[in-house]
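Chains, contacts and geometry: an overview
So the chains spell out like this:
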Amino acid sequence: MRLYIAEKPSVGRELAKCLRGPVTRHDGYLTTQDGVVTWLFGHILRQAEPEEYDPKYKRWRAEDLPIIPAQWKLYVDKDCEKQFGIVKSLIAKADEIVHGGDPDREGQLLVDEVLDYLGNKKPVRRILLNALDETSIKKANAHLRDNKDFFNLKQSALARARADWLIGMNLSRAYTLAARRAGHEGLVLPIGRVKTPTLSLVVRREREIEHFKPVDYYNIKATFQHENGSFTAQWKPKDTMAGLDSENRLIDKSLAETKLRAFSAAPHDGEITAYQKAKKQEPQPLPFSLSTLQVLAGKMYGYAPQLVLDTAQKLYEKKLTTYPRSDCEYLPLNQHGDAAKILSHLSKAGDPELAAWVPAAKPQQKSRAWNDKKISAHHAIIPTTVQADVTKMTEEERNLYHLIGRGYIAQFYPVHTYDQTKVEVTYKDELFTASGRTERDLGWKVMYQSKRRQEADDDDKDDKEEKDDESGKTLPAMKKHDPAIWKRGRIVSRVTKPPVRFTPSSLLAGMKEIHKYVKNPEAKKQLKDVYGIGTEATRATIIDDLIRRKFMKTQGKKKYLVPTPAAYLLVDALPDEMTYPDSTAIWEDKLHSMSEGEGTLEEFLKGQIDFTRTLCQKAYQAEIKVTGENICPRCHKGVLLQRKGRNGLFWGCSNYPKCRMTCNDKNGKPDLEDAKRRLARAPRDMAAGAAGNASPGAAPYRPAQPAAVYRNEERSASVGDEIAALNQLFSAADYEANLAADMASYVPERRQAPSSWSDKPKFSASPMEHLQKEGADAKEKKYLCPRCREGHLRRIQGRNGVFWGCSNYPRCTATFDDEKGRPLL
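Residues numbered from 1 in each chain as written. Predicted model: local features only at pLDDT ≥ 70, side-chain atom pairs only at ≥ 80, totals over all residues. Heavy atoms only, no water.

Within the protein chain, the regular secondary structure consists of 26 helices and 25 strands. Considering only intrachain contacts with a sequence separation of at least 6, the fraction spanning at least 24 residues in the protein chain is 75%. When the accessible surface of the protein chain is totalled, it reaches about 40200 Å², and 49% of it is carbon and sulfur. (Helix = DSSP H or I, 4+ residues; strand = E, 2+ residues; numbered from the N terminus. Contact = heavy atoms within 4.5 Å. Areas by Shrake-Rupley, 256 points an atom, 1.4 Å probe, with all protein chains shown as cover.)

Now for the packing of aromatic side chains. A full pass over the atoms with the stated rule returns 22 aromatic pairs. Three or more aromatic residues joined by ring pairs make a cluster, and in this case those are F224, F231, W235, F263, Y427, F432 and W486. Geometry around Y448 places R406 over its ring, the cationic atom sitting 3.9 Å from the centre. Sitting over the face of the ring of Y580, K519 holds its NZ or CZ atom 5.0 Å from the ring centroid. (Phe/Tyr/Trp six-rings, centres within 6.5 Å; stacked < 30°, edge-to-face > 60°. Lys NZ or Arg CZ within 6 Å of the ring centre and 35° of its normal.)

Moving on, we come to the sheet that holds strand β14 (residues 430–441). Read around the closed barrel, six strands run β10-β11-β14-β13-β12-β15, paired in antiparallel fashion. Strand-to-strand twist in this sheet, taken as the mean axis angle between neighbours without regard to direction, amounts to 35°. Note that strand β11 (residues 229–236) and β14 share three bridges and pair antiparallel. By the bridge assignment, K236 is partnered in β14 with L431. Helix α8 (residues 253–264) contacts β10 (216–226), β11, β13 (416–427), β14 and β15 (483–495) of the sheet and is inclined by roughly 165° relative to β15. (Pairing = 2+ DSSP bridges. Axes fitted to C-alpha atoms, helices over the stretch in contact; angles between N-to-C directions.)

A word on the pattern of salt bridges. Using the criterion set out here, one finds 38 salt bridges in the structure. The shortest N-O distance in the salt bridge between K479 and D482 comes to 3.4 Å. Assessed through its relative accessible area of 7%, D482 is described here as buried. The partner of D545 in a salt bridge is R548, and the shortest N-O contact between them spans 2.6 Å. Taken together, the residues D545 and R548, both in helix α18 (residues 539–548) and three residues apart, mark about one turn of the helix. Judged by its relative accessible area of 12%, D545 is buried. A cluster of three or more residues bridged by salt bridges with shared partners is formed by R105, E106, R160, D164, R193 and E588. (Salt bridge = Lys/Arg side-chain N within 4 Å of Asp/Glu carboxyl O. Buried < 20%, exposed > 50% of the residue type's maximum accessible area, 1.4 Å probe, protein only.)

Packing of helix α6 (residues 151–181) against helix α22 (residues 601–620) brings their axes to within 10 Å, and their N-to-C directions diverge by 5°. Taken together, the axis directions place α6 and α22 in an arrangement best described as roughly parallel. The residue inventory of the contact of α6 with α22, partitioned by class, reads 18 nonpolar, four polar and three charged. (Parallel < 35°, antiparallel > 145°, perpendicular 65-115°, else oblique. Nonpolar A, V, L, I, M, F, W, Y, C, P; charged D, E, K, R; others polar.)

A separate point is the packing of helix α9 (residues 290–301) against helix α13 (residues 395–409). It is at 11 Å that the axes of α9 and α13 come closest, and there the two elements cross at 120°. With respect to α13, the element α9 is oriented oblique. Crossing angle aside, the handedness with which α9 passes α13 is right-handed. Contacts between α9 and α13 involve L293, L296, A297, M300 and Y301 on the former and, on the latter, N399, L400, H402, L403, I404 and R406. Each residue belonging to the contact of α9 with α13 can be placed in one class, and the counts come to eight nonpolar, two polar and one charged. (Left-handed = near helix turned anticlockwise from the far one by under 90°.)

In terms of nonpolar packing, the biggest core is built from 73 residues, with Y175 and L199 touching the most fellow members. A per-element tally of this core places α6 first, with 13 residues. Here Y175 is in contact with L189, I191, A573, L574, P575, L615, K618, A619, A622 and I624, once residues within four sequence places are set aside. In terms of nonpolar packing, the next biggest core, distinct from the first, is built from 39 residues, V308, L320, I342 and W444 among them. (Core = buried A, V, L, I, M, F, W, Y, C linked by side-chain atoms within 4.5 Å.)

Counting buried positions over the nine residues of helix α19 (residues 565–573) gives seven, a clear majority of the element. If you check which residues of α19 are buried, you get A566, A567, Y568, L569, L570, V571 and A573. Packing partners of the buried residues in α19 comprise α6, α7 (195–210), β17 (560–563) and α20 (576–579).

Further remarks concern the pairing of β11. Direction of pairing for β10 relative to β11: antiparallel, over a ladder of six bridges. Pairing of Q225 across the sheet is with S230, part of β11. Counting the residues that bridge the hairpin from β10 to β11 gives two residues.

With that out of the way, let us pick up the sheet that holds strand β21 (residues 669–670). Taken together, the four strands give an open sheet; going across it, the order is β18-β19-β20-β21, and neighbouring strands pair in antiparallel fashion. Strands at the two margins of the open sheet, each flanked by one partner only, are β18 (640–645) and β21. In the sheet, strand β20 (residues 662–666) pairs with β21 via two bridges, with the strands oriented antiparallel. Paired with K666 across the bridge in β21 is K669.

Turning our eyes to something else, we now look at the side chain of T38. Along the chain, T38 falls in strand β4 (residues 35–39). In this structure the side chain of T38 is engaged in a polar contact, spanning 2.9 Å, whose partner is the backbone oxygen of G28. Those residues in contact with T38 that lie beyond four places of it in its chain are L3, Y4, I5, A6, G28, Y29, Q83, I86, V87 and L90. (Polar contact = N/O pair within 3.5 Å; in protein donor to acceptor, adjacent residues only side chain to side chain.)

Right, let's get into unusual backbone geometry. Leave glycine aside and you will find that most residues have negative phi; peptide bonds, for their part, are mostly trans. At the junction of G21 and P22, the peptide bond is cis and its omega measures out at 5° in the coordinates. Residue placement: P22 occurs in the loop between α1 (9–17) and β2 (24–26). Of note, the bond from L65 into P66 is cis; its omega dihedral lies within 30 degrees of zero at 0°. Residues other than glycine seldom take positive phi values, yet K319 does so here, at roughly 70°.

Let us now look at the confidence of the model for the protein chain. Mean pLDDT over the protein chain works out to 83, with 83% of the residues at or above the 70 mark. Note that residues 452–469 has pLDDT below 50 and, in this model, 25 contacts with residues that lie over four places away or in other chains. Note that residues 741–755 has pLDDT below 50 and, in this model, 25 contacts with residues that lie over four places away or in other chains. (pLDDT = per-residue confidence, 0-100.)

What follows concerns the side chain of E113. Inspection of the secondary structure assignment puts E113 in helix α4 (residues 105–117). One buried charged side chain, E113, makes no salt bridge at all; its nearest oppositely charged neighbour is R160, positioned 8.1 Å away. (Lys, Arg positive; Asp, Glu negative; His and termini not counted.)

Along the chain, T614 falls in helix α22. Residues T614 and E577, 37 residues apart in the sequence, show an inter-C-alpha distance of 9.9 Å.

It is worth spelling out the pairing of β10 at this point. Each regular strand carries side chains that alternate between the two faces of the sheet. In terms of burial, β10 is largely enclosed, as nine of its 11 residues are buried. The pairing of β10 with β15 spans 10 bridges and is antiparallel. Bridged to K221 within β15 is R490.

So, on to the environment of R643. Residue placement: R643 occurs in strand β18. Relative accessible area serves as the criterion here: at 13%, R643 is assigned to the buried category. C-alpha of R643 to C-alpha of D665: the two residues are 22 residues apart in sequence and 9.2 Å apart in space.

So this is what it looks like as structure tokens:
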């Protein structure tokens, strides 16, 4: 028996229709003469949660991080148990299995992981369903491939999934705990390998806008007379001239006026010192990948990326367009034979513009899009051979089908040809330039002209007009050394514009063209041809998720993305490794290389584990803006929280154990005056030591002012979602093991004034002078202190026997019993 396993029920049903009938329905599968068709529901298996590896991970503690699974575990999703049982029983009966996952990295993994989970040893073949129309399915079924050919694609998907788990599970805990230590109760900071750099793009763009200072600058436009006609040219100031900014713009208006007066004075003779005229060709635009479709639909119709994906999916499931989650913009040569049929159907689809364009298309023509070398598991999004009727579509479906159809028709139009002209005029030892173009054959552009204004999406009309002046005009015929006479000139005032905020579609474009935003200039070059961060299928979801979790919000008709205060807090807390896309983009490049057979899963994960360890260590030192009513007067990096100890209520610093500040309770509030007096009595060196890692220049104590970093209403809706998404593991009672068992049952300090000088305590300059000397036992350095994670445990001979203490004393006072020469951890 041949068993087909589709990714979802809708694909399974379409596949069964194209096999020899009759088709018989059963619970969870269909039978045909050619075999049995069953299906999954996306990822039917889920990755294990931390507490499923070890129950101790249910409590969030910094000392447990990072959590690195020794062996990765999968569990059947609770909602999919019935279907999993059906698939398992069918696999047991099958002689041959056909893998019917979507033709991409994720689709490869979700069927393979089920086969691996069940220990399948039976032969597996692969069907690549780029479209669900009958012709495409039958063609794909006639050309099955060995599933082993896609092993590298599966490894790449597995590497991505495990890397996301390592980053998400560990850094979300590490930085949420760091935020808790700074007094941000109830806030969960979800951190993702792709999500966090994407949010950082929005935060940095907003800060560029906030700090932007507009600058006025001035151009001089001159009109010259040639024997064949007049033309306009722009003055190009010499870079050695005074009054220019770093961008070579003239910002001194008086100098511009002086120059214009000088230009207007006789003599007026100028000379054409350069004249170039070249025939140019502009090839047809490539058909759409998902990203290019999302970006254009966002510009033209204001559609959010997720809406474009959902609509393209509907068109795919109606068999009207090909697979939507494609990252490819090319077409296989074997699809070219369908051109005449597809064009004919486009002319009858009910779209008057498509119908008007089809007659001029030449089906026999091959554009640069037809290239087998550029094809991977899937190809560009194009119409299928199924006849569409746009009158029965929703508005979104009509618009997307129009774009996809137009992009396909363009492949059968001539290239766009024009003459590009560039002129240089030397006048009074200064340079003026002009450029223009003369259309020869619009070619494919005839379909795009009516939409050009919409597609430009250019908010700066002045810049657009200037650009049109420079390149859109027709220049008279001339040659080098021809005379050019000054006629008149004018000063054109401009103002520099701040960068434009991202919209969902432009942010998605930024994720795809991530090389533009990397920090390292060498990485910028390396990543220019990389596939961006995220995948075609996940980018829209990531943007939507950041909005849903209230880390950014949309604003205005164009839905500009604006970060919320919680986004600033998260981005500011993280090191550059997580907020800049350099590392993530390089990993995506390695994942892509892995899918092509370069690199191994083990090598990739080793790098991810090392990276996770480093960032967990940095989380312990994270600088997070403190919020709350009772900021710690000692370290200024935590807030005082009320606790119940052995002798009643007291207040302790949330930055424990780095800061061990405590004070008594006074009518339900911390007795800060008493704490202030205690700090004043403490010698400077002891106070500094007890303050943990308080900043060297920390401000003296002053009454704390509430410093709300985010509004309650902005986070209340997301907290429940976050806690559910992160397994409801976070609660005040669990926070850092209940502040280390309420500061080891704090006992209020009661001091009596010394009766004489000799009774006063003497503070040693070397508080741990009783420790063994450095180098006594090199082996001891291998025990990293589990409390502060900064010092190492050292073996000490005390008055009551041997014990182990932290080398970071007095900042860390952790001690452990000795057991056969080792610390009892």
